[in-house]
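Understanding the architecture of this molecule
Spelled out, the chains give:
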Amino acid sequence: MLDKKIKVPNIGDFKNVEVIEVLVSNGQSIKKNDPLITIESDKSSVEIPSPDDGKIKLLNIKVGDKISEGSTILTLVTEDSDNNAQTEKNVKKKEIQKQKEERNIQKTTKQEIRVTNISGRTSASPKTRKFARELGVNIDQISGSERLGRVLESDIKTYISSKLNKSKEQQETKSKNEYAHSDFGKIEIKDIPRVKKLASKYLINSWTTIPHVTNHDEADITEMEDFRNSLTDMYTGEKKKITPLAFIVRALVASLKKFPNFNSSIDDIENGKITMKKYFHIGIAVDTPYGLMVPKIRNSDNKNIDYISNELKIISEKCRTQKIDKKEFFGGSMTITSLGGIGGSFFTPIINYPEVAILGIGRAEKKQVFINGKFHKRTMLPLSLSYDHRIIDGAEAAKFNNDIKENLGKNFAYKLAI
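So, here is what we can say about the structure in this document. Since the structure is predicted, the reported quantities are computational estimates derived from the model, not experimental observations.

1. Side note on the overall build of the protein
Along the backbone of the protein there are eleven helices and 19 strands. Burial analysis of the protein (418 residues in total) assigns 36% to the buried set. Long-range pairs, those at least 24 residues apart, make up 63% of the contacts in the protein between residues at least 6 apart in sequence. Summing over all exposed atoms, the protein offers an accessible surface of approximately 25,700 Å²; the carbon and sulfur share of this is 50%.

2. Remarks on the side chain of Asn263
By secondary structure assignment, the location of Asn263 is in the loop between helix H8 (244–258) and strand S10 (264–265). Given the relative accessible area of 1%, Asn263 is considered buried. Polar side-chain contacts of Asn263 include one of 2.8 Å to the backbone oxygen of Tyr279. Contacts of Asn263, omitting those with residues within four sequence positions, involve Leu256, Thr275, Met276, Lys277, Tyr279, Phe280 and Ser333.

3. Some remarks on the nonpolar core
Core analysis: the biggest nonpolar cluster contains 45 residues, and Ile284, Ile336, Phe400 and Leu408 have the highest contact counts within it. Elements with a contribution of two residues or more to this core: H8, strand S12 (282–284), helix H9 (305–320), strand S16 (334–338), strand S17 (357–361), strand S19 (374–388) and helix H10 (394–407). Of the residues forming this core, the biggest block, nine residues, is contributed by H8. Not counting residues up to four positions away in its chain, the partners in contact with Ile336 are Leu245, Ile248, Val249, Leu252, Ile282, Gly283, Ile284, Ala285, Leu359 and Ile361.

4. Observations concerning the packing of aromatic side chains
Counted under the stated rule, the structure contains five aromatic pairs. Here the aromatic rings of Phe259 and Phe262 are separated by 6.5 Å at their centres, their planes lie at 85°, and the arrangement is edge-to-face. On the accessibility criterion, Phe262 (0% relative accessible area) is buried. We note Lys257 situated over the ring of Phe280; from NZ or CZ to the ring centre the distance is 5.7 Å.

5. Comments concerning the pairing of strand S2 (residues 17–22)
Summarising burial for S2: five of the six residues are buried, a large majority. Alignment of S2 against strand S7 (residues 66–67), held across two bridges, turns out to be antiparallel. Its bridge partner lying in S7, Glu18 is registered against Lys66. Here four bridges tie S2 to strand S4 (residues 35–40), and the two strands are oriented antiparallel to one another.

6. Side note on H9
Given a rise of 1.5 Å per residue, 16 residues ought to cover 22 Å, and the 22 Å separating the end C-alpha atoms of H9 matches this to within 8%. Buried residues of H9: Ile305, Ile308, Ser309, Glu311, Leu312, Ile315, Ser316 and Cys319, and no others. Taken around the axis of H9, the buried residues stretch over an arc of 165°, which confines them to a single face. Projecting away from the buried face of H9 at angles above 90 degrees are the exposed residues Tyr307 and Lys313. Two residues or fewer after H9 comes Gln322, characterised by a positive phi angle close to 55°.

7. Some details on the pattern of salt bridges
For the structure shown, the criterion picks out 16 salt bridges. Between Lys4 and Asp52 there is a salt bridge, with its nearest N and O atoms 2.3 Å apart. Pair noted here: Lys4 is in strand S1 (residues 2–7) and Asp52 is in the loop between strand S5 (45–49) and strand S6 (54–59), with a separation of 48 residues, a long-range link. Overall, Asp52 belongs to the partly exposed group, its relative accessible area being 23%. The partner of Asp403 in a salt bridge is Lys258, with the nearest N and O atoms 3.2 Å apart. One end of the pair, Asp403, is in helix H10; the other, Lys258, is in helix H8, with 145 residues separating them in the sequence. What makes Asp403 buried here is its relative accessible area of 6%. When its relative accessible area of 54% is taken as the criterion, Lys258 is described as exposed.

8. Focus: the sheet that holds strand S8 (residues 72–78)
The strand order across the open sheet formed by four strands is S1-S8-S6-S3, and the pairing between neighbours is antiparallel. Each edge of the open sheet is held by one strand with a lone partner, namely S1 and strand S3 (29–30). Both S6 and S8 contribute to a ladder of four bridges, which runs antiparallel. In the strand pairing of S8, Ile56 is matched with Leu76.

9. As for H8
Taking 1.5 Å of rise per residue, 15 residues should cover 21 Å, and H8 covers 22 Å from first to last C-alpha, within 8% of that figure. Counting buried positions over the 15 residues of H8 gives eleven, a clear majority of the element. Of all the residues in H8, the buried ones are Leu245, Ala246, Phe247, Ile248, Val249, Arg250, Ala251, Leu252, Val253, Ser255 and Leu256.

10. Things to note about a positive patch on the surface
Judged by side-chain charge, Lys157, Arg194, Lys197, Lys201 and Lys326 come together as a positively charged surface patch. Among the elements that line the positive patch, the one with the most residues is helix H6 (residues 194–209), at three residues. Relative to the assigned elements, Lys157 resides in helix H4 (residues 153–171).

11. Observations concerning a nonpolar patch on the surface
Where nonpolar side chains cluster on the molecular surface, the patch consists of Leu203, Trp207 and Ile350 and spans about 290 Å² of accessible area. For Ile350, the location among the structural elements is in the loop between S16 and S17. You can call Ile350 partly exposed: its relative accessible area is 32%.

12. Observations concerning the environment of Gly27
Within the secondary structure, Gly27 is located in the loop between S2 and S3. Here Gly27 falls in the partly exposed class, since its relative accessible area comes to 40%. In this structure, the C-alpha to C-alpha distance between Gly27 and Leu76, residues 49 residues apart in sequence, is 9.5 Å. With residues near it in sequence (within four places) discarded, Gly27 still touches Lys55 and Ile56.

Parameters and conventions
Residues numbered from 1 in each chain as written. Predicted model: local features only at pLDDT ≥ 70, side-chain atom pairs only at ≥ 80, totals over all residues. Heavy atoms only, no water. Helix = DSSP H or I, 4+ residues; strand = E, 2+ residues; numbered from the N terminus. Buried < 20%, exposed > 50% of the residue type's maximum accessible area, 1.4 Å probe, protein only. Contact = heavy atoms within 4.5 Å. Areas by Shrake-Rupley, 256 points an atom, 1.4 Å probe, with all protein chains shown as cover. Polar contact = N/O pair within 3.5 Å; in protein donor to acceptor, adjacent residues only side chain to side chain. Core = buried A, V, L, I, M, F, W, Y, C linked by side-chain atoms within 4.5 Å. Phe/Tyr/Trp six-rings, centres within 6.5 Å; stacked < 30°, edge-to-face > 60°. Lys NZ or Arg CZ within 6 Å of the ring centre and 35° of its normal. Pairing = 2+ DSSP bridges. Expected span 1.5 Å × (residues − 1). Arc of directions from axis to C-beta. Salt bridge = Lys/Arg side-chain N within 4 Å of Asp/Glu carboxyl O. Patch = residues over 30% accessible without salt bridge, like charges linked within 9 Å, V, L, I, M, F, W, Y side chains within 5 Å. Lys, Arg positive; Asp, Glu negative; His and termini not counted. Charge placed at Lys NZ, Arg CZ, Asp CG, Glu CD.

What follows is the structure, given as structure tokens:
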């Protein structure tokens, strides 16, 4: 038996880098090429494998240590060459016996095994951890398929798929499986539009990750509509065609400045961090033949209603002709989704993750409103504000809605046009 020090080999530009995972422990038997540790630089992460078979006598490093080429990882007890042949026979014998034993183990029992590395964290690469965070999945709840329970991206996809199908499978009855749709008449199978397929994973992630609450209210936009309909071009004298959505964008920006929590993201909630945005990029949900798209009106705080109204037409046309840059769907402050041009009043819009709120707009209606002891005919706009209850509470949401109503009211409507 020989003691052999295992050192960090030549790993290129990796110098004085941090150990983010220790994949083995003292007393553990390992084989050649088994991963020992994972290190990470600013650009990537790398696993360092064992150059020999043996048993770990002394582990010299821990998670968080800084290492470079030549640093000692561990001391390995290896067998001398005279015993190698016998050792290989013993190993093969044990492997055959192990395979027989494993065939008798129930598959469900295997899935329930939860293995973590010596640091107490689930073993996974930084790229895999980021993938899990983007999908809103707790990686500690996933059983990895690799050695020592190491989690891969495929494990995360399998986990999500099983979760989504579990309840459906439990509720399915025998009668549902006995017949096909075609047994009852003619059918047609069509491909789901690409945009809707791409959007589905974001919607699922948002709905399953964010605790949604929706606040419903109505804004009196009587004076705003009178003002909007009175606008004329100063050069031609013709009536301006300004969409009400341009006023709503400006009203929303004014409220976001007053309530900065609504202009934030908590996509790093696992580490207790919140991102406060200093920009005001308002997302606008656009209905297209291919599905819903949400481009952004960038720097909405620096644009008047003429500019915003014109830009709304431009980005809507780009979405419908599929000529818009993919980047325009990201980096938003908050989203507005409007059904006013179609119909309906209140609804429950789904938050556009990683944003924390979305404002739904219904169709404005003329209503009799009781004011100062008398009924008055007023134009009322339905508002449906969905918010992330992890960062915004009910009182703050109600105040935010009230502020938007005030911004759209008679005292502020003309200011929004500036």
